[in-house]
Amino acid sequence: MTDKTGTEHIPVDSLTLEQAALELERLASEIAHHNALYYQKDAPEISDATYDSLFRRNQQIEAKFPELIREDSPSLQVGSAPSSAFAKVTHARPMLSLANAFDEADVRDFVGRVRRFLGLAADAPVAMVAEPKIDGLSASLRYEKGRFVQGATRGDGAVGEDITANLRTVSGIPERLTGDAPDVLEVRGEVYMRKDEFLAMNEAARARIEQGEKGEKIFANPRNAAAGSLRQLDSTITAKRKLHFFGYGWGELSDPVSETQSGFMERLKGWGFGTNPLWKTLDSADALIAYHAEIAAQRSGLPYDIDGVVYKVDSIALQQRLGMVSRAPRWAIAHKFPAEQAQTRILDIEIQVGRTGALTPVANLEPVNVGGVMVSRATLHNEDEIARKDVRVGDTVILQRAGDVIPQILGPVLEQRPADSAPFIFPDKCPACGSDAVRGEGEAVRRCVGGLTCPAQAVERLRHFVSRDAFDIEGLGEKSIQAFFEDGTVKSPADLFTLQSRDGQSLTPLRNREGWGKLSADKLFAAIEQRRSVPLERFIYALGIRQIGQATAKLLARHYGSLDALTDALKDAAANPEGDAYRDLVNIDQIGPAVAKDLIAFFAEDHNRETVGALRDQVAVEDYVSRVATDSPIMGKTVVFTGTLTRVTRDEAKARAEALGAKVAGSVSKKTDYVVIGADAGSKAKKAEELLAPEQILDEDGWFDLIGA
Ligand code: IVH
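What comes next concerns the included structure.

What counts, and at which threshold
- Residues numbered from 1 in each chain as written.
- Predicted model: local features only at pLDDT ≥ 70, side-chain atom pairs only at ≥ 80, totals over all residues.
- Heavy atoms only, no water.
- Helix = DSSP H or I, 4+ residues; strand = E, 2+ residues; numbered from the N terminus.
- Rg over C-alpha atoms; globule rule 2.2 N^0.38 Å.
- Contact = heavy atoms within 4.5 Å.
- Areas by Shrake-Rupley, 256 points an atom, 1.4 Å probe, with all protein chains shown as cover.
- Lys, Arg positive; Asp, Glu negative; His and termini not counted.
- Charge placed at Lys NZ, Arg CZ, Asp CG, Glu CD.
- Near = heavy atom within 4 Å.
- Polar contact = N/O pair within 3.5 Å; in protein donor to acceptor, adjacent residues only side chain to side chain.
- Nonpolar A, V, L, I, M, F, W, Y, C, P; charged D, E, K, R; others polar.
- Core = buried A, V, L, I, M, F, W, Y, C linked by side-chain atoms within 4.5 Å.
- Buried < 20%, exposed > 50% of the residue type's maximum accessible area, 1.4 Å probe, protein only.
- Pairing = 2+ DSSP bridges.
- Axes fitted to C-alpha atoms, helices over the stretch in contact; angles between N-to-C directions.
- Salt bridge = Lys/Arg side-chain N within 4 Å of Asp/Glu carboxyl O.
- Parallel < 35°, antiparallel > 145°, perpendicular 65-115°, else oblique.

### Describing the overall build of the chain
Here is step 1 of the chain: Looking only at helices and strands, the chain features 26 helices and 26 strands.
Here is step 2 of the chain: Taken over the C-alpha trace, the chain has a radius of gyration of 28 Å; the compact-globule value for 709 residues is 27 Å, and the two agree within 12%.
Here is step 3 of the chain: Along the three orthogonal principal directions, the C-alpha set of the chain runs to about 85 × 65 × 60 Å.
Here is step 4 of the chain: Put simply, of all contacts in the chain between residues at least 6 apart along the chain, 67% involve residues at least 24 apart.
Here is step 5 of the chain: Accessible surface for the chain amounts to roughly 34,000 Å². Of this, 50% is attributable to carbon and sulfur atoms.
Here is step 6 of the chain: Once the 86 positive and 104 negative side-chain charges of the chain are each reduced to a mean point, those two points are 1 Å apart.

### Considerations on the site of the ligand
Here is step 1 of the chain: Not every one of the 14 residues close to the ligand is listed here, only the nearest: Glu-131, Ile-134, Glu-190, Tyr-248 and Lys-312.
Here is step 2 of the chain: Within the backbone of Ile-134, a nitrogen or oxygen atom sits 3.0 Å from a nitrogen atom of the ligand.
Here is step 3 of the chain: The separation between an oxygen atom of the ligand and a polar side-chain atom of Tyr-248 is 3.3 Å.
Here is step 4 of the chain: Of all the secondary structure elements, the ones that give two or more residues to the shell around the ligand are strand E3 (128-134) and strand E10 (306-313).
Here is step 5 of the chain: Among the elements that line the shell around the ligand, the one with the most residues is E3, at four residues.
Here is step 6 of the chain: A breakdown of the residues in the shell around the ligand according to their chemical character gives eight nonpolar, one polar and five charged.

### Some remarks on the nonpolar core
Here is step 1 of the chain: Judged by nonpolar contacts, the single largest core of 58 residues is most densely connected at Phe-471, Ile-473, Leu-496, Leu-524, Phe-539, Leu-556 and Leu-585.
Here is step 2 of the chain: Counting residues per element, this core draws most heavily on helix H22 (residues 593-604), at six residues.
Here is step 3 of the chain: By size, the runner-up hydrophobic cluster in this structure holds 34 residues, among which are Val-191, Leu-230, Phe-245 and Phe-273.

### Examining the sheet that holds strand E8 (residues 244-253)
Sheet strands associate in pairs through backbone hydrogen bonding, adopting either a parallel or an antiparallel arrangement.
Here is step 1 of the chain: With antiparallel pairing, the four strands of this open sheet are ordered in space as E5-E4-E7-E8. In this open sheet, the two edge strands, each paired with only one partner strand, are strand E5 (147-153) and E8. Between one strand and the next, the sheet's axes are offset by a mean angle of 30 degrees, whatever the strand orientation.
Here is step 2 of the chain: Where strand E4 (residues 137-144) meets E5, six bridges bridge the pair, whose relative direction is antiparallel. Residue Tyr-143 lies in a different strand from E5, and its bridge partner there is Phe-148.
Here is step 3 of the chain: The strands touched by helix H9 (residues 261-271) within the sheet are strand E7 (184-192) and E8, with E8 carrying the most contacts at an inclination of about 115 degrees.

### Some remarks on helix H7 (residues 222-230)
Here is step 1 of the chain: With seven of nine residues buried, H7 is to be regarded as a mostly interior element.
Here is step 2 of the chain: For H7, the set of buried residues is Pro-222, Ala-225, Ala-226, Ala-227, Gly-228, Ser-229 and Leu-230.
Here is step 3 of the chain: Looking at the buried side of H7, the elements it contacts are E4, helix H5 (164-167), E7, helix H6 (195-210) and helix H8 (235-240).

### Quick word on the environment of Ser-562
Here is step 1 of the chain: Tracing the backbone through its elements, the reader meets Ser-562 in the loop between helix H19 (550-560) and helix H20 (563-575).
Here is step 2 of the chain: You can call Ser-562 buried: its relative accessible area is 17%.
Here is step 3 of the chain: Each C-alpha atom of the pair Ser-562 and Leu-536 lies 6.8 Å from the other, and the pair is 26 residues apart in sequence.
Here is step 4 of the chain: Discounting chain neighbours no more than four positions away, the residues touching Ser-562 are Leu-536 and Asp-623.

### Some thoughts on the environment of Val-184
Here is step 1 of the chain: Along the chain, the position of Val-184 falls in strand E7.
Here is step 2 of the chain: Given the relative accessible area of 16%, Val-184 is considered buried.
Here is step 3 of the chain: Each C-alpha atom of the pair Val-184 and Asn-100 lies 31 Å from the other, and the pair is 84 residues apart in sequence.

### A word on the pattern of salt bridges
Here is step 1 of the chain: Scanning the model with the defined rule gives 43 salt bridges in all.
Here is step 2 of the chain: The salt bridge partner of Glu-23 is Arg-57, with a shortest N-O separation of 2.8 Å. One end of the pair, Glu-23, is in helix H1 (residues 17-40); the other, Arg-57, is in helix H2 (residues 48-64), and 34 residues separate them in sequence. The exposure classification of Glu-23 matches that of Arg-57, with both residues buried.
Here is step 3 of the chain: Its salt-bridge partner being Lys-389, residue Glu-385 comes within 2.6 Å of it at the nearest N-O pair.

### Overview of the pairing of E8
Here is step 1 of the chain: Burial analysis of E8 places seven of its 10 residues in the buried class, the great majority of the element.
Here is step 2 of the chain: Sheet analysis places E7 next to E8, joined by seven bridges and oriented antiparallel. When the sheet's bridge partners are listed, Arg-188 is paired in E8 with Gly-249.

### A closer look at the side chain of Glu-190
Here is step 1 of the chain: Following the sequence through the fold, Glu-190 ends up in strand E7.
Here is step 2 of the chain: A polar side-chain atom of Glu-190 sits 3.4 Å from the main-chain amide nitrogen of Gly-136.
Here is step 3 of the chain: At 2.7 Å, the side chain of Glu-190 and the side chain of Tyr-248 are in polar contact.
Here is step 4 of the chain: The residues touching Glu-190, leaving out its near neighbours within four places in the chain, are Ile-134, Gly-136, Leu-137, Ser-138, His-244, Phe-245, Phe-246 and Tyr-248.

### Considerations on the packing of H22 against helix H23 (residues 606-618)
Here is step 1 of the chain: Between H22 and H23, whose axes approach to 5 Å, the crossing angle comes to 75 degrees. Between H22 and H23, the angle is such that the two are roughly perpendicular. Where H22 approaches H23, its residues Phe-602, Phe-603 and Ala-604 are matched on the opposing element by Asp-606, Asn-608, Arg-609 and Val-612.
Here is step 2 of the chain: Each residue belonging to the contact of H22 with H23 can be placed in one class, and the counts come to four nonpolar, one polar and two charged.

What follows is the structure in structure tokens.
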């Protein structure tokens, strides 16, 4: 790798802040490159000694300029093993995440939503537990017959890593439970490092680095320090790091342990777990908001980092009724603290081209620490946003970061604007292919019209195709895709599946190319082979059609069941926009005319049909299989709810129907299987009578009888 900064021979003590930041950036990418070669490709290009000297240089600069420690700093990653070093653990029940509230209105909406879903009066008290949101790492601890048997990280929520040995060293995690407990008990909570211990640990590490010791790390914040410590392969190191645990939830339980969240907190304490002492039971939005303010005032004085407070419905029976939406419970929310801000300078504005041709301006920033995280890039969204904020290259800007949200540029500090600054001129040509970049009417986004001829779009489509939620092909990074595309090896997704057979005949087989070896090439071929068969919903999502995200792809898969049914329906819908196929499509709950239009347009284009056809020659697309019990009486049926329901709210009824495998539609047609009619139903009830048989028309009780509730 070439040295872009030219600073590598300057003694650390003579580096300016700016030089140090640039060199840390270079070292981060260079070391990451060598890590990938070493760990993933098993094909290092440099000697261990050279690697060590890069690593040490990075450490010395970080010790001298701790404020410049980057989010992607090698010292936060190296030494912690590659993820494959820990065994995988499938969580018996998924580990959920939380929806966020940022202001009072969001909190009131949340409480209102809970009441509405449960059909409670607008002023009915709903008891909630409020507690600090700890900025640590979540862990799941499994106890069998009162003994700690396994502990895991959250991972992606479904599968985590087995870090049992390390968790045994954490205080607040009992080895044996005190008192009665169910035979199987999974406790969930947060592992954290105290602020004072974090500072002392960094201080000691810094002193050892100055004495020339190797293998020492400086961490940017307590959370990173806790993460690095938990992922140690050697648990004696974790033991020295003094980690703590606060419990707040549960996974699998062989017997219920409490009827309330608050009761569960008491049980946790009784068994010997660490629990946060600041939790309270409260029963109105006003009280929750006051609690948030109270904890915010205590925040800086607390011994551990927190990034907000969490509210949870106290009654576990109500929690069960509320259920969840897309991996987060309906019965809980995180009320975040206001975002942290910082100032920095815009070095330049770069235009990126996305897979649908959208041009996105991205600001490259002088690296700055915002609330514990180094930030060096931020999106400026689109040209109107740049114009509205009048953000220019060279400006000092205010940056804001809220939790895990991507940093935002709030606006320039005008007093510090350089005299020679000029407004940013947004290009009207694609920077990748030179085609015109145009804005559709009423659209904020400017798009490259190059379509198939634009290399940037093609590469982005390929990247999307192999990404984790799409075909999930490991071992194909951005750089490899770019290289494959440029030398013509892979022009379209189907080419991936002929890569290996072509490679056998190639004069320059993959294993001989730069950055590759036999091992990494074989790994890639194996990863591709594994995807010869994919679920329909992944296939649809992988096509990268505008507006078709994961959720919509799944709705389509559920509705049509097979790729043939989907493509036939889209063909019919394209031929006759008034016909049944079109109406059936836009009648799918959450799919409207705009999404339908993009979908139909995609399949109407010859090239896209060819791409799909070529792919189908290579991969089998699995029909949609619902993970719902197949004995559900409404599996695959289309249901319409109309009028006011009295036993549950419309939202709850709908969620229940979907959980049982039904599709919920917004209007009645010949394809409707059941219409559930509540009080004061209007035109839909009439239409049902015209179109459907009497046994398809149910009142609320009839509906509950049907689903056996
Ligand atoms: S409850 C089903 N309570 O925040 C709800 N989470 O942003 C599960 N967290 O993944 C979470 N403190 O790692 C809950 N008092 C608290 C928490 C807390 C920190 C973390 C947890 C979760 C993340 C969601």
